[in-house]
Amino acid sequence: MENAKPTVLDLIIETHIGLDRQGPGSPETIIKALSFLGNLDKISRVADLACGTGGQTMILAQNIKGNITGVDILPELINVFNDNAKKLNLQERVNGIVGSMENLSFQKEEFDLIWSEGAIDTIGFEKGLNYWNSFLKKNGYIAVTCPSWFTDERPVEIEKFWGDAGIGLDTIGQNILIMQKAGYSPIAIFTLPEKCWTDNYFIPRITADRALLEKYPGNKTVADYIENNKYETELYSKYNQYYGYVFYIGKKV
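Residues numbered from 1 in each chain as written. Predicted model: local features only at pLDDT ≥ 70, side-chain atom pairs only at ≥ 80, totals over all residues. Heavy atoms only, no water.

Student: Just give me the short version of the packing of aromatic side chains, but keep the residues and values in it.
Tutor: The tally for this structure, following the rule as stated, stands at 18 aromatic pairs. Through successive ring pairs, a cluster of aromatic residues spans Trp-149, Phe-161, Trp-162, Trp-197, Tyr-201, Phe-202, Tyr-231, Tyr-236, Tyr-243 and Tyr-245. One cation-aromatic arrangement involves Lys-32 over Phe-190; the distance from NZ or CZ to the ring centre is 4.3 Å. (Phe/Tyr/Trp six-rings, centres within 6.5 Å; stacked < 30°, edge-to-face > 60°. Lys NZ or Arg CZ within 6 Å of the ring centre and 35° of its normal.)

Below you can see the structure in the form of structure tokens.
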């Protein structure tokens, strides 16, 4: 993008399009999550919702035999997604399409597995699980990561940060109840290690942010955007004993 006056969305795309991941996670946690599923050979149809450029999708494809459809609302990310699939010779089984995880174009009960990392909180954990349920076959799996409170009490500063971001976090216990009410039997719940945030997301993002500062010197929108990213990183370092990303894996009843 050669935009002299970038919007925040422009900056989000520019920051994330070159990263391996668009949020916290790791190949190790993906493989761990897959280990809790049933016979992987029977998982023939998979949807990865809000897939980004497909860092996690390609790991999935290398560990299961089924076909995977990645869905993301940003065409720029889907273009990179499909390029990445071709580079890994996975294009026969992995395809990215532009679409919204809130308005899916798939058939009912089409998928054996719905996967989504670092995205369901933007529409709401309960809303996402309820809506996506109808696209899963009976006994199909849901596997999502979602930021969650580890404690019932937490500092005002970090609670305000998430509230200001428009994201209402729940505790792990509350999310398990939500999962059950949405028609899933919980299979496994585990927290993502700290390095999934720091090494795999925050540190690469810092490098991308620096490139933005060089590209848009003196731009207030860019400076504010980067300052907010820095604040998010500082808060995690200060308060990560109170919250973090959690993998929630369930089976449709």
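Still more to cover.
Student: Quick rundown of the pattern of salt bridges? Include the residues and the values.
Tutor: The full count for this structure, using the stated rule, is 11 salt bridges. A salt bridge links Glu-110 to Arg-45; the shortest N-O distance between them is 2.4 Å. Taken as a pair, Glu-110 in the loop between β3 (94-98) and β4 (111-116) and Arg-45 in strand β1 (residues 45-49) lie far apart in primary sequence, 65 residues in all. Arg-45 gets classed as partly exposed once you look at its relative accessible area, which sits at 21%. In this structure, Lys-238 engages Glu-157 in a salt bridge whose closest nitrogen and oxygen atoms are separated by 3.4 Å. On the criterion of sequence distance, the pair formed by Lys-238 in helix α9 (residues 220-239) and Glu-157 in helix α6 (residues 156-164) is long-range, its members being 81 residues apart. Among the residues examined, Glu-157 registers a relative accessible area of 28% and is labelled partly exposed. (Salt bridge = Lys/Arg side-chain N within 4 Å of Asp/Glu carboxyl O. Helix = DSSP H or I, 4+ residues; strand = E, 2+ residues; numbered from the N terminus. Buried < 20%, exposed > 50% of the residue type's maximum accessible area, 1.4 Å probe, protein only.)

Student: I'd like a description of helix α1 (residues 8-16), backed by residues and values.
Tutor: Within the sequence span of α1, burial applies to Asp-10, Leu-11, Ile-13, Glu-14, Thr-15 and His-16. Next to the buried residues of α1 lie α4 (75-87), α8 (194-215) and α9. (Contact = heavy atoms within 4.5 Å.)

Student: Can you break down the sheet that holds strand β6 (residues 184-191) residue by residue, with the values?
Tutor: Spatially, β3-β2-β1-β4-β5-β7-β6 is the arrangement adopted by the 7 strands of the open sheet, whose pairing is mixed. Single-partner strands in this sheet number two, and they are β3 and β6. Put simply, the sheet's adjacent strands are angled 20° from each other on average, direction ignored. Looking at chain direction, β1 and β4 are connected through 3 bridges and run parallel. When the bridges of β4 are listed, Asp-48 appears paired with Trp-115. (Pairing = 2+ DSSP bridges. Axes fitted to C-alpha atoms, helices over the stretch in contact; angles between N-to-C directions.)

Student: Which residues make up the packing of helix α2 (residues 27-34) against helix α3 (residues 55-63), and what values go with them?
Tutor: Running from N to C, α2 and α3 cross one another at 45°; their axes reach a closest spacing of 10 Å. Taken as axis vectors, α2 and α3 run oblique relative to one another. In this structure, α2 crosses over α3, and the sense of that crossing is right-handed. Taking contact as the criterion, the partners of Pro-27, Ile-30, Ile-31 and Leu-34 in α2 are, on α3, Gln-56, Ile-59, Leu-60 and Asn-63. Considered class by class, the residues forming the contact of α2 with α3 number 6 nonpolar, 2 polar and no charged. (Parallel < 35°, antiparallel > 145°, perpendicular 65-115°, else oblique. Left-handed = near helix turned anticlockwise from the far one by under 90°. Nonpolar A, V, L, I, M, F, W, Y, C, P; charged D, E, K, R; others polar.)

Student: Can you break down the layout of surface pockets residue by residue, with the values?
Tutor: Any empty space left between atoms is shown by rolling a water-sized probe over those atoms. Computed from the structure, the largest pocket encloses a volume of approximately 1,400 Å³. Lining of the largest pocket is provided by 45 residues; of these, Ile-12, Gln-22, Gly-118, Thr-122 and Tyr-201 occupy positions nearest its centre. Going through the elements one at a time, α1, β2 (67-72), α6, α8 and α9 are the ones with two or more residues in the lining of the largest pocket. Looking at the lining of the largest pocket, its residues break down into 23 nonpolar, 12 polar and 10 charged. (1 Å grid on protein atoms, 1.4 Å probe; cavity = no way out; pocket = protein on both sides within 12 Å on 5 of 7 lines; lining within 4 Å. Points joined across faces, edges and corners; volume = space filled by probe spheres on them.)

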